[in-house]
Amino acid sequence: MATLTLSLVGSSSVVEGNNLVVRVTASGLNSGLFLGDPVVNEIVTATIQTLSGTATGGSDYSTVTQILSFASNGSIDIPIAAFIDGFIEPTESFSIQLL
């Protein structure tokens, strides 16, 4: 059975003008349940998207809605840019969702 996990590469906070990197990792693909089972040709797809919180998508950070496909175990890194908006603001946040 395939498993997808979502993790951050590096820090969970980012300074304006830099990128936050999100990693989606697939494991358990192309393998049978038991040793000696035939290989299963499996493709798993998922969607990752950003959701605005106190930070606004499109003006504070780059919005992401991306379909990911995995045909084998591995990882895909997705950069999310924090834009320089020129305002003095308190710490802002947004969410990342794996569907």
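The structure this text deals with has already been given above.
The structure displayed is predicted, hence computed values, not measured ones.

Conventions adopted
Residues numbered from 1 in each chain as written. Predicted model: local features only at pLDDT ≥ 70, side-chain atom pairs only at ≥ 80, totals over all residues. Heavy atoms only, no water. Helix = DSSP H or I, 4+ residues; strand = E, 2+ residues; numbered from the N terminus. Buried < 20%, exposed > 50% of the residue type's maximum accessible area, 1.4 Å probe, protein only. Contact = heavy atoms within 4.5 Å. Areas by Shrake-Rupley, 256 points an atom, 1.4 Å probe, with all protein chains shown as cover. Pairing = 2+ DSSP bridges. Axes fitted to C-alpha atoms, helices over the stretch in contact; angles between N-to-C directions. Salt bridge = Lys/Arg side-chain N within 4 Å of Asp/Glu carboxyl O. Lys, Arg positive; Asp, Glu negative; His and termini not counted.

Colleague: Please clarify how the overall build of the protein should be interpreted in this entry.
Modeller: Across its full length, the protein holds zero helices and six strands. Ordered by position from N to C terminus, the α and β elements of the protein give β-β-β-β-β-β. In the protein, buried positions account for 21% of the 99 residues. Across the protein, the fraction of contacts at a sequence separation of at least 24, relative to all contacts at a separation of at least 6, is 62%. In the structure as shown, the protein presents an accessible area of about 6,300 Å², 57% of it carried by carbon and sulfur atoms.

Colleague: Which parts of the structure should I look at to understand the sheet that holds strand β3 (residues 44-52)?
Modeller: In a beta sheet, neighbouring strands are held together by backbone hydrogen bonds and run either parallel or antiparallel to one another. Strands sit in the order β4-β3-β6 across an open sheet of three strands; the sheet is antiparallel. The open sheet terminates on both sides in strands that have one partner only, identified here as β4 (65-70) and β6 (94-98). Neighbour-to-neighbour, the strand axes of this sheet turn through a mean angle of 20°, independent of strand direction. Across five bridges, the pairing between β3 and β6 is antiparallel. Residue pairing for β6: I48 is matched across the bridge by L98.

Colleague: Would you take a moment to explain the pairing of β3 for this structure?
Modeller: A regular strand places its side chains so that they alternate between the two faces of the sheet. Note that β3 and β4 share six bridges and pair antiparallel. Among the inter-strand pairings, Q49 is bridged to a residue of β4, identified as T65.

Colleague: Got a minute to help me understand the pattern of salt bridges in this structure?
Modeller: Should the charged atoms of two oppositely charged side chains come close, the side chains can pair. Per the counting criterion, the structure on display carries one salt bridge. In this structure, R23 engages D77 in a salt bridge whose closest nitrogen and oxygen atoms are separated by 2.7 Å. Here R23 is found in strand β2 (residues 19-27), whereas its partner D77 is found in strand β5 (residues 74-81), with 54 residues between them in sequence.

Colleague: Would you mind showing me how to read the side chain of D60 here?
Modeller: By secondary structure assignment, the location of D60 is in the loop between β3 and β4. No salt bridge forms around the buried D60; measuring N to O, its nearest opposite-charge neighbour R23 is 26 Å away. For D60, the residues in contact, after removing those within four places along its chain, are T54, A55, A81, A82, F83, D85, E89 and E92.

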